[in-house]
Amino acid sequence: MSASAPPAASDPAAESPAARRREQRGWYVYDWANSAFNTTVISVFLGPYLIPVARTAACAQDFPDVPAATCASDFDRLTAASPGLGYVDVLGFDVRPAAFFGLVVTISVFLQIVFLPIVGALADHTGRKREMLGGFAYVGALATMGLYFVEGDRYLLGGVLFVVANVAYGSSIVVYDSFLPQISTPDERDAVSSRGWAIGYLGGGLLLALNLVLYLRHESLGVGEGMAVRISMMSAGLWWAIFTLVPLLRLRNRPVPAHETTALRSVGGSFRQLGRTLRELRRYPLTLLFLVAYLVYNDGIQTVIGNSAAFAAEALKLDKTVQISAILMVQFVAFFGALLLGALARRLGTKRTVLGSLVVWTAIVIVAMFVQEGQALQFYLMALAIAIVLGGTQALSRSLFSQVIPKGREAEYFSLLQISDKGSAFIGSLTVTIALQLTNSYRIAIVSMIIFFVLGFALLALVNLPKAIRAAGNEVPERI
């Protein structure tokens, strides 16, 4: 079977505007499709649901004479009285139920770091990006739908399904991002990237809102709480699967140089190409500098977002209703924020807009020190500021990165962007952990993120973007 892609124009500037717009509209919809997994499953429902499932398994194993409901409510007391009990088995290791979700997230991230560069190399080497996008999307969507069957003591089933879904999700994003330089001219790139990111926030937020209505009103709807969570997680997989049809119908593969035709040789050639790309990265020092800058400031962004609920609960003593409503507000406001920063980039330049957004991020973490306990309005205002810059910072960074990578290597380089994101995630978390250990203050922990934004700002300011773009063999857009 031939590994070459169907013939298509390889230069987006040479294609008609109508053809590009058709592909761009299809490309946007994949962000709408996959964001449901991130918001509904990862951000809200799976962790709080999977930990009690693991606790149920530990109760059945170690406290069989204690009624299940009593064991669940008194689990901490029971395990404190019996230090050697209250664990679940994961690959031969004893793991506390409270740590189980964090463990499966860590495993999935590690597998992404290993797997994503291979995915990127294979996508560039074979040219079969559309097929790979569909394959990973449907593996992830089916695994997500399978979470419906996680109940009782099936914690291992939930862990395995999440690992499969999260690795497939990351792999599909690598392929998805690599389409950006192929479906847009350099001058269109900021707007296209920003629209995709914005539509993702809208899609993820819409499904999350529907699922939260089901969850919060499950009793009046005659549905148990666990069933409401399982339906919500299944709906995210179904949403992902249905809307992925649109980009698969709209996106086109681009031709690549002729390669050996067997699947085994294609994989072998992809490994060799990946090795060459990693060695040749030193030929693009400004691209590498941008990658490091993004690694630093994006780690700050992810850490602030990841700790915002804990900050609201621990530092501000705000209840779950405020936290959930703030999550929803961020999803919908971020839609407009991404479009706003995209428009600013067209007026002021992309680099200048990203640098400005990092100034706003710095101000946000400083203001966090002064938000008063119990003041929901102040927390909502801080969340509003985050929502305005959140999507735009990341979307414009993706656009900038697409300008400084060589043609034909898009997926490989975007896999490096993804793994730098995943691999650095522990740095911000470690910083927060150390700050909490030393001060026991979530306010100081959040303020400690200022170093990531200041250092990221300084590194990005040092990147000579026109020179980096020319070094990668690309056309410098009118505004950068």
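What counts, and where the lines are drawn
Residues numbered from 1 in each chain as written. Predicted model: local features only at pLDDT ≥ 70, side-chain atom pairs only at ≥ 80, totals over all residues. Heavy atoms only, no water. Helix = DSSP H or I, 4+ residues; strand = E, 2+ residues; numbered from the N terminus. Rg over C-alpha atoms; globule rule 2.2 N^0.38 Å. Buried < 20%, exposed > 50% of the residue type's maximum accessible area, 1.4 Å probe, protein only. Contact = heavy atoms within 4.5 Å. Areas by Shrake-Rupley, 256 points an atom, 1.4 Å probe, with all protein chains shown as cover. Lys, Arg positive; Asp, Glu negative; His and termini not counted. Charge placed at Lys NZ, Arg CZ, Asp CG, Glu CD. Core = buried A, V, L, I, M, F, W, Y, C linked by side-chain atoms within 4.5 Å. Disulfide = S-S within 2.5 Å. Expected span 1.5 Å × (residues − 1). Salt bridge = Lys/Arg side-chain N within 4 Å of Asp/Glu carboxyl O. Phe/Tyr/Trp six-rings, centres within 6.5 Å; stacked < 30°, edge-to-face > 60°. Lys NZ or Arg CZ within 6 Å of the ring centre and 35° of its normal.

A.B. asks: Outline the overall build of the chain, supporting the account with residue identities and numerical values.
C.D. replies: The secondary structure content of the chain amounts to 19 helices and 2 strands. Here the C-alpha atoms of the chain give a radius of gyration of 23 Å, agreeing with the 23 Å that 2.2 N^0.38 yields for 480 residues. Buried positions account for 54% of the 480 residues belonging to the chain. Considering only intrachain contacts with a sequence separation of at least 6, the fraction spanning at least 24 residues in the chain is 84%. Accessible surface, the chain: about 20700 Å² in total, of which carbon and sulfur atoms supply 66%. For the chain, the centre of its 38 positive side-chain charges and the centre of its 31 negative side-chain charges are spaced 10 Å apart.

A.B. asks: Explain the nonpolar core to me, and be specific about the residues and the numbers.
C.D. replies: Counting 133 residues, the largest nonpolar core has Trp27, Tyr297, Phe311, Trp361, Phe379, Phe401 and Phe453 as its most contacted members. Looking at this core element by element, the count peaks at 19 residues for helix α1 (residues 17-62). Those residues in contact with Phe311 that lie beyond four places of it in its chain are Leu316, Ala368, Phe379, Met382, Tyr442, Arg443 and Ile446.

A.B. asks: Go over the state of the cysteines, please, and point to the residues and values.
C.D. replies: Within the structure shown, the criterion is met by 1 disulfide. Across the disulfide from Cys59 sits Cys71; the S-S distance is 1.9 Å. Judged by the sign of its S-S torsion, about -90 degrees, the cystine formed by Cys59 and Cys71 is left-handed. On the criterion of sequence distance, the pair formed by Cys59 in helix α1 and Cys71 in helix α2 (residues 68-73) is long-range, its members being 12 residues apart. Per residue, the accessibility class of Cys59 equals that of Cys71, and both read buried.

A.B. asks: How would you summarise helix α13 (residues 320-348) if you had to cite specific residues and measurements?
C.D. replies: With 29 residues, α13 ought to run about 42 Å at 1.5 Å a step, and its terminal C-alpha atoms sit 39 Å apart, in line with that. At the exit of α13 stands Gly349, carrying a positive phi of roughly 105 degrees.

A.B. asks: Can you explain the pattern of salt bridges? Please cite residues and give values.
C.D. replies: Under the defined criterion, the tally for this structure stands at 9 salt bridges. Of the charged contacts, one joins Arg252 and Glu23 as a salt bridge, the two residues approaching to 3.0 Å between their closest N and O atoms. A residue pair is termed long-range when its members are at least 10 positions apart, and Arg252 in the loop between α9 (225-250) and α10 (263-280) and Glu23 in helix α1 qualify at 229 residues. By relative accessible area, Arg252 is classed as partly exposed at 28%. As a salt-bridge pair, Asp124 and Lys129 come within 3.6 Å of each other at their nearest N and O atoms. Members of the salt-bridge network, linked through shared partners, are Glu23, Arg252 and Arg254.

A.B. asks: Account for the packing of aromatic side chains, with residues named and values stated.
C.D. replies: Enumeration according to the criterion identifies 20 aromatic pairs in this entry. Each ring, one from Phe37 and one from Tyr169, has its centre 5.3 Å from the other, and the planes form 50 degrees; the classification is tilted. Taken together, the residues Phe37 in helix α1 and Tyr169 in helix α6 (residues 155-178) connect sequence positions 132 residues apart. Taken individually, Phe37 and Tyr169 each receive the classification buried, so the pair is uniform in this respect. Among the aromatic residues, ring-to-ring pairing joins Phe37, Phe101, Phe162, Tyr169 and Trp240 into one connected group. The side chain of Arg230 reaches across the aromatic face of Tyr148, ending 4.5 Å from its centre.

A.B. asks: An account of the side chain of His218 is needed here, citing residue identities and associated values.
C.D. replies: Looking at where His218 falls in the secondary structure, it is placed in the loop between α8 (189-216) and α9. Relative accessible area serves as the criterion here: at 12%, His218 is assigned to the buried category.

A.B. asks: Account for the environment of Leu455, naming residues and giving values.
C.D. replies: Mapped onto the fold, Leu455 is located in helix α18 (residues 450-462). Residue Leu455 is classed as partly exposed on the basis of its relative accessible area, which comes to 42%. Measuring from C-alpha to C-alpha, the distance between Leu455 and Gly152 comes to 47 Å, with 303 residues separating the pair along the chain.

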